[in-house]
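The lines below spell out each chain.
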Amino acid sequence: MNKRNLELIADFYEFTMANGYFVKNMNDIAYFDVFFRKIPDNGGFAIFAGLEQIINFINDLHFTDEDIEFLKSQNIFSDEFLNYLRDFKFTGDIWAVPEGTVVFPNEPLITIKAPIIQAQLLETMFLLTVNHQSLIATKTRRIVNQAKNCPVMEFGARRAHGPDAAILGARAAIIGGAVRNFL
């Protein structure tokens with residue numbers, strides 16, 4: 001996959017909320033859980049996937065001058081907040097179940113403990129990563145279970161929404177039980 005900075009992949013309100021916290025000097029430690037409420041299609045379980053990409057995202061999370069200029073051009077963020085983002089470094093803690101774990105509704109998959117401004121900026125990326133990859137891993141596991149002892153291969157690149165989705169989808173399918181190498 002291409003190396004790129006993904007910090008602006010967020011719902012815009014994540015930034016407006018973080019700016020509001022900053023302006024009001026509200027940066028206490030907060031805890032957030034990532035979980036889901038129900039299993040699609042009454043499938044009984046889900047398979048957790050996407051943790052590696054979340055860790056990579058956190059380790060590389062920073063805001064470039066171009067990012068700061070874009071946010072500044074919106075004319076809604078304080079200069080002090082933009083300076084805070086310029087020097088941003090995640091200082092919180094994250095706990096998660098291992099990838100490939102069978103999970104159920106309403107149980108935490110990931111718990112974030114961080115200053116609230118930092119935690120607020122993670123939400124969209126965490127949800128899109130976990131939702132997409134866990135969906136594929138779960139569907140694959142259901143197919144593998146139905147296939148009994150027959151190997152299941154992954155051919156998702158043919159329908160993927162771009163090369164990144166193809167690679168991450170294949171990874172999630174392997175977490176869900178697809179074979180890595182059929183031969």
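Keep in mind the model is a prediction, meaning the values are calculated, not measured.

Rules used throughout
Residues numbered from 1 in each chain as written. Predicted model: local features only at pLDDT ≥ 70, side-chain atom pairs only at ≥ 80, totals over all residues. Heavy atoms only, no water. Helix = DSSP H or I, 4+ residues; strand = E, 2+ residues; numbered from the N terminus. Contact = heavy atoms within 4.5 Å. Patch = residues over 30% accessible without salt bridge, like charges linked within 9 Å, V, L, I, M, F, W, Y side chains within 5 Å. Areas by Shrake-Rupley, 256 points an atom, 1.4 Å probe, with all protein chains shown as cover. Salt bridge = Lys/Arg side-chain N within 4 Å of Asp/Glu carboxyl O. Buried < 20%, exposed > 50% of the residue type's maximum accessible area, 1.4 Å probe, protein only. Axes fitted to C-alpha atoms, helices over the stretch in contact; angles between N-to-C directions. Parallel < 35°, antiparallel > 145°, perpendicular 65-115°, else oblique. Nonpolar A, V, L, I, M, F, W, Y, C, P; charged D, E, K, R; others polar. Core = buried A, V, L, I, M, F, W, Y, C linked by side-chain atoms within 4.5 Å. Phe/Tyr/Trp six-rings, centres within 6.5 Å; stacked < 30°, edge-to-face > 60°. Lys NZ or Arg CZ within 6 Å of the ring centre and 35° of its normal.

Undergrad: How should the overall build of the protein chain be read in this particular structure?
TA: The helix and strand inventory of the protein chain stands at 7 helices and 5 strands. Shown N-terminal to C-terminal, the secondary structure of the protein chain runs as helices and strands in the order α-β-β-α-α-α-β-β-β-α-α-α. If one aligns the C-alpha atoms of the protein chain with their principal axes, the spans along those axes are about 60 × 35 × 25 Å. If you take every contact in the protein chain between residues at least 6 apart in sequence, the share linking residues at least 24 apart comes to 82%.

Undergrad: So what exactly am I meant to see when it comes to a nonpolar patch on the surface here?
TA: Where nonpolar side chains cluster on the molecular surface, the patch consists of Phe12, Phe70 and Ile76 and spans about 270 Å² of accessible area. Locating Phe12 in the fold gives a position in helix H1 (residues 12-23). Under the relative-accessibility criterion, Phe12 is labelled partly exposed at 35%.

Undergrad: What am I meant to see in the pattern of salt bridges here?
TA: Note on pairing: side chains with opposite charge can pair once their charged atoms come close. Under the criterion given, the structure shown has 3 salt bridges. As a salt-bridge pair, Arg171 and Glu52 come within 2.9 Å of each other at their nearest N and O atoms. Residue Arg171 is found in helix H7 (residues 163-175), and its partner Glu52 is found in helix H2 (residues 51-60); the two are separated by 119 residues along the sequence. For the salt bridge of Asp65 with Arg86, the shortest nitrogen-to-oxygen distance reads 3.1 Å. Here Asp65, found in helix H3 (residues 65-73), pairs with Arg86, found in helix H4 (residues 79-86); they are 21 residues apart in sequence, far enough to count as distant. Classification of Arg86 by relative accessible area gives partly exposed; the value is 37%. What emerges from the salt-bridge pattern is a single network uniting Glu52, Glu99 and Arg171.

Undergrad: Please explain the packing of H1 against H4 as it appears in this structure.
TA: A pair of packed helices is characterised by two quantities: the angle between their axes and the separation of those axes. Packing of H1 against H4 leaves a shortest axis separation of 9 Å and a crossing angle of 110 degrees. Between H1 and H4, the crossing angle belongs to the class labelled roughly perpendicular. Contacts from Phe15, Ala18, Asn19 and Phe22 of H1 reach H4 at Glu80, Phe81, Tyr84 and Leu85. Across the contact of H1 with H4, the residue classes tally to 6 nonpolar, 1 polar and 1 charged.

Undergrad: Would you mind showing me how to read the nonpolar core here?
TA: In terms of nonpolar packing, the biggest core is built from 36 residues, with Leu85, Ile110, Ile112, Leu122 and Phe126 touching the most fellow members. The biggest single contributor to this core is H2, with 4 residues. Beyond its immediate chain neighbours, meaning those up to four positions away, Leu122 contacts Phe57, Ile58, Leu61, Phe90 and Ile112. In this structure, Phe45, Ala137, Ala172 and Ile175 belong to the second largest nonpolar core, which totals 6 residues.

Undergrad: Please explain the packing of aromatic side chains as it appears in this structure.
TA: Two measures describe an aromatic ring pair: the distance that separates the ring centres and the angle between the ring planes. As enumerated under the stated definition, the model contains 8 aromatic pairs in all. Note on Phe15 and Phe63: the rings are 6.1 Å apart at their centroids and 80 degrees apart in plane angle, and the pair reads as edge-to-face. Taken as a pair, Phe15 in helix H1 and Phe63 in the loop between H2 and H3 lie far apart in primary sequence, 48 residues in all. Judged by its relative accessible area of 2%, Phe15 is buried. According to the relative accessible area criterion, Phe63 is buried, its value standing at 6%. Connected via pairs of aromatic rings, a cluster forms that spans Phe12, Phe15, Phe22, Phe63, Phe77, Phe81, Tyr84 and Phe88. A cation over a ring is seen here: Arg142 above Phe45, with NZ or CZ 5.5 Å from the ring centre.

Undergrad: Explain the environment of Ile94 to me, please; I cannot follow it from the model alone.
TA: Inspection of the secondary structure assignment puts Ile94 in strand S3 (residues 93-96). Assessed through its relative accessible area of 30%, Ile94 is described here as partly exposed. Along the sequence, Ile94 and Lys148 sit 54 residues apart, while their C-alpha atoms lie 36 Å from each other. Residue contacts for Ile94: discarding those within four places in its chain leaves Ile58, Ile110, Thr111, Ile112 and Phe126.

Read these as spatial facts, not as claims about activity.
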